[in-house]
Amino acid sequence: MQKFVELSLDLTQKCVKCGLCKSVCPTYPYIEEEAGYARGRLVLAEMVAKGELPLTQEVSQQWDQCAMCRRCEWICPNGVEYKEVLVHVKNKQRESLGQGVVKSLGLKALELMQTRAGRALIKLTGKVMEALPFEEIKTPFPTGAVKFMPKPTAEAFGLRGKVFKAEEERGKLLFFTGCMIDAFYGKTGENVIKLMNKAGYTVVVPRDIKCCGAPHYYSGNLPAFERLKEHNLKEMEKYEFDGVVVACPTCGGALQEDYKLDKPVYDFAEIVFKSPIRFRGSGNRLTFHVPCHSYSAMKVKEEVFYGLMERIDGDQVKRAEKDKSCCGFAGLFSVTNPDMSDKIQREKIEDLQKTQAKVVLTACPGCVLNLKDGVKKHKTGQEVMHLADYLAENLGEI
Ligand code: SF4
Ligand code: SF4
């Protein structure tokens, strides 16, 4: 029988069909079919790979409804590499059936935004938008999704090509800023550098890093991922550093797992956690949303985030019941699956609201975007911040 996808069956056959992943999958409650979570999606992949099922739009739709949060991998007792299976079947899906206009354009835009012209356009847009009296703009997408999107800033990419020296240097870190910090959240980038310097690390920001390629990899666009990876590795080779630091766990996961760097990759919070830095709060009640890729891809322990929050004198931490559930963003997923993304987001916002925290912290710029969007839509009044911003604003003495 003709095989429709070249896939090592060892990958799919590791699944013992226990169904544990159903309990943590954010999409299953809204699909309620076997193909709505990892076990069913893996069975489809295996059947297609064996040639028992043709690769049709109907089949591939089941994979497109996956947020690629990888909570299934995190809970799986058998070490099933779900991401690797899906990436290969989605690559074949792209070659045979295409990826749809919105996803293709979105991925192309991410590739082009880090060209000279792309960066210039974003800065110019930022300059034009500077005068607008609000931080986010309600943006409709052709799929029906509507999101409060952050404005680019005139200072976008402003950290590029600079070195920020620590007073007493104990090491040198290359900061892989990532597209969202580059274009929208430059202040977060500055705050990560401030924290690294305070912890004793000189920070080098490469001049010409492009998108890490994780959105392309997760979408099965392997040629685009390889192009971006090759470019970034060449650029990184130009600098001397002891390790890489990120403030986006999706970038960090890609660098750790798919770039095969010979240097360690750290989440910024891990570096701060190991330092003796303390923080001075102002009596706020805080809660935290643990980004899926921080534990499913980067394997950062949640104790690192909570440990840092406990170090903020005067503030109080109230843990949300479902602090590790997906926020519904998942990059392009929120645009291509707007109804499901909105439902997952609503569940998250309701859970955060129950904590009665004034400030919701998280450690991923994508989650920041989606939680800000969520609190605005559901009018909860909670403030959402990247953990790096909150810590840098509340620095105390070492
Ligand atoms: S938890 Fe792992 S082994 Fe169990 S069904 Fe899910 S993927 Fe398969
Ligand atoms: S990656 Fe996330 S959405 Fe996809 S099957 Fe696994 S748990 Fe479900």
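No experiment lies behind these values; they were computed from the predicted model shown. (Residues numbered from 1 in each chain as written. Chains lettered and ligands numbered in written order. Predicted model: local features only at pLDDT ≥ 70, side-chain atom pairs only at ≥ 80, totals over all residues.)

A closer look at the site of ligand 1
For ligand 1, the set of nearby residues contains 13 residues, the closest of which are Cys 15, Cys 18, Cys 21, Arg 39 and Cys 76. Each residue belonging to the shell around ligand 1 can be placed in one class, and the counts come to nine nonpolar, two polar and two charged. (Near = placed C-beta within 6 Å. Nonpolar A, V, L, I, M, F, W, Y, C, P; charged D, E, K, R; others polar.)

Comments concerning the environment of Ala 357
With respect to the helices and strands, Ala 357 occurs in the loop between α18 (338-354) and β12 (359-362). Separated by 298 residues in the primary sequence, Ala 357 and Val 59 place their C-alpha atoms 42 Å from one another. Setting aside residues up to four positions removed in sequence, Ala 357 forms contacts with Arg 285, Leu 286, Thr 287, Lys 318 and Gln 382. (Helix = DSSP H or I, 4+ residues; strand = E, 2+ residues; numbered from the N terminus. Contact = placed C-beta atoms within 7 Å.)

Observations regarding helix α7 (residues 101-112)
The terminal C-alpha atoms of α7 lie 16 Å apart, and with twelve residues this matches the ideal 16 Å at 1.5 Å per residue to within 8%. Of all the residues in α7, the buried ones are Lys 103, Leu 107, Leu 110 and Glu 111. Viewed along the axis of α7, the buried residues span an arc of 105 degrees, placing them on a single side of the element. Residues Val 101 and Ala 109 are exposed on α7 and point more than 90 degrees away from its buried face. Looking at the packing, one finds that the buried side of α7 touches α9 (179-183), α11 (214-218), α12 (222-236) and α17 (333-336). (Expected span 1.5 Å × (residues − 1). Buried ≥ 20, exposed ≤ 12 C-beta atoms within 10 Å, placed from the backbone. Arc of directions from axis to C-beta.)

Here we look at the pairing of strand β1 (residues 136-140)
Buried residues are scarce in β1, accounting for zero of its five residues. The pairing of β1 with strand β2 (residues 146-150) spans five bridges and is classified as antiparallel. Residue pairing in the sheet places Lys 138 in a bridge with Phe 148 of β2. (Pairing = 2+ DSSP bridges.)

Comments concerning unusual backbone geometry
Of note, the phi angle at Phe 157 is positive, near 65 degrees, even though the residue is not glycine. You can call Phe 157 buried: it has 27 C-beta atoms within 10 Å. The phi torsion at Ala 330 lies on the positive side, around 55 degrees, for a residue other than glycine. Residue classification places Ala 330 among the buried positions, given that 28 C-beta atoms sit within 10 Å.

As for the site of ligand 2
Around ligand 2, a shell composed of 15 residues is seen, among which Cys 25, Ala 38, Cys 66, Cys 69 and Cys 72 lie nearest. Of all the secondary structure elements, the ones that give two or more residues to the shell around ligand 2 are α3 (38-50) and α5 (71-75). Of the residues in the shell around ligand 2, the class split is eleven nonpolar, one polar and three charged.

Some points on the domain arrangement of the protein
You can read the domains of the protein as domain 1 (9-97), domain 2 (101-150), domain 3 (163-272) and domain 4 (276-393). Just the C-alpha atoms count here: the centres of domain 3 and domain 4 sit 21 Å apart. Counting from both sides, the interface comprises 27 residues of domain 3 and, opposite them, 23 residues of domain 4. Going through the elements one at a time, α9, α10 (186-198), α13 (249-257) and α14 (268-274) are the ones with two or more residues in the side of domain 3 that touches domain 4. Per-element accounting of the side of domain 3 that touches domain 4 gives the leading share, seven residues, to α10. Split by residue class, the side of domain 3 that touches domain 4 holds 13 nonpolar, eight polar and six charged. (Domains from an automatic or database assignment.)

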